[in-house]
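# Observations on the model geometry
Each chain, letter by letter, is given below.
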Amino acid sequence: DEAISPCESLATCLPLGPSITPAWAIDSSNLIITTKVGAKIVSEFSTEDLEATIPELIALSSKDKTLMPGTVILTGTPDDLDCEKDPAFCLKDGDKVEVAIEGIGKLSNHVCVRS
């Protein structure tokens, strides 16, 4: 299934935090997710626009395996953030990436290219 890919969990590429909000603590059906690179907003969408609802993603993820408490399910990158489609979007060493989810919080990281 293209909706769930191991590419979303590559080594050194797992930005989580500053805290993890449990599913029972928030209504995930319509949260606004904003991504910035530097000061520029590069994506803004709602969880309402995902191809599957959060409960559907959980069901799909647990179809063939047991999800333990604390399991994190990653949803990946919106289609409009594709370096292959738009090479200008490719992140560069030193770029600051900030992802904010309405009602949950904001996570900021700097890109560090290893040679």
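Residues numbered from 1 in each chain as written. Predicted model: local features only at pLDDT ≥ 70, side-chain atom pairs only at ≥ 80, totals over all residues. Heavy atoms only, no water.

## Details of the overall build of the protein
Put simply, the rule is: Note on conventions: DSSP H or I runs of at least 4 residues are helices, E runs of at least 2 residues are strands, and numbering of each starts at the N terminus. The cut-offs for exposure are 20% and 50% of the maximum accessible area for each residue type, with area from a 1.4 Å probe on protein chains only; residues under the lower value are buried, those over the upper are exposed, and the others partly exposed. Here, residues are in contact when the closest pair of their heavy atoms is within 4.5 Å. Only the protein chains shown count as cover for residues, with accessible areas throughout obtained via the Shrake-Rupley method and a probe of 1.4 Å.
Within the protein one finds 1 helix and 4 strands. N-terminal to C-terminal, the α/β element order of the protein is β-β-α-β-β. Across the 115 residues in the protein, those meeting the buried criterion constitute 16%. Taking as baseline every contact in the protein between residues at least 6 positions apart, the subset at least 24 positions apart corresponds to 48%. Split by element, the accessible area of the protein, about 8,700 Å² in all, is 56% carbon and sulfur.

## Topic: the sheet that holds strand 1 (residues 32-37)
Hydrogen bonds between backbone groups are what pair the strands of a sheet, and the pairing can be parallel or antiparallel. The criterion, for reference: A pair of strands is labelled paired if DSSP reports no fewer than 2 bridges between them. With axes taken as lines fitted to C-alpha atoms, and helix axes fitted only over the stretch in contact, angles between N-to-C directions fall between 0 and 180 degrees.
Strand order in the open sheet formed by 4 strands is 2-1-3-4, with antiparallel pairing between adjacent strands. Of all strands in the sheet, those bounded by a partner on one side alone are strand 2 (40-46) and strand 4 (105-110). Put simply, the sheet's adjacent strands are angled 15° from each other on average, direction ignored. Here strand 1 pairs with strand 2 via 6 bridges, running antiparallel. When the sheet's bridge partners are listed, I32 is paired in strand 2 with S46.

## Regarding the environment of L91
Within the element layout of this structure, L91 appears in the loop between helix 1 (54-61) and strand 3 (96-101). Residue classification places L91 among the partly exposed positions, given a relative accessible area of 40%. Each C-alpha atom, one on L91 and one on V111, is 7.2 Å from the other, the two residues being 20 residues apart in sequence. The residues contacting L91, other than those within four sequence positions of it, are V37, V97 and V111.

## Digging into the pairing of strand 4
Every other side chain in a regular strand lies on the same face of the sheet, so the side chains alternate between the two faces. Where strand 3 and strand 4 come together, 6 bridges link them in antiparallel fashion. The residue of strand 4 that forms the bridge with A100 is K106. Hairpin remark: strand 3 followed by strand 4, antiparallel, with 3 residues in the connecting loop; positive phi at G103, about 80°.

## Thoughts on a nonpolar patch on the surface
The line we're drawing: Grouping into patches uses exposed residues only, defined as over 30% relative accessible area, and leaves out salt-bridged ones; the cut-off is 9 Å for like charges and 5 Å for nonpolar side chains (Val, Leu, Ile, Met, Phe, Trp, Tyr). Just to be clear on terms, a salt bridge is a Lys or Arg side-chain nitrogen sitting within 4 Å of an Asp or Glu carboxyl oxygen.
Together, L14, L16, I20, V72 and L74 make up a nonpolar patch on the protein surface, roughly 420 Å² of accessible area in all. Along the chain, the position of L14 falls in the segment before strand 1.

## Let's talk about the environment of V99
You can see V99 is positioned in strand 3. Accessibility expressed as a relative area gives 30% for V99, which makes it partly exposed. Remark: the alpha-carbon pair of V99 and P15, spanning 84 residues in sequence, is separated by 9.8 Å. Among all residues touching V99, those that are not within four sequence positions of it are I33, T34, T35, G105, K106 and L107.

## What about the confidence of the model for the protein?
The following threshold applies: Confidence scores per residue from the predictor, reported as pLDDT, run from 0 to 100.
Looking at the protein, the pLDDT average stands at 79 and 78% of residues meet or exceed 70. For the protein, strand 2 is the element with the lowest average pLDDT, namely 88, and strand 1 is the one with the highest, namely 91. Across residues 1-8, confidence stays below pLDDT 50; counting only partners more than four residues off in sequence or on other chains, it has 7 contacts.

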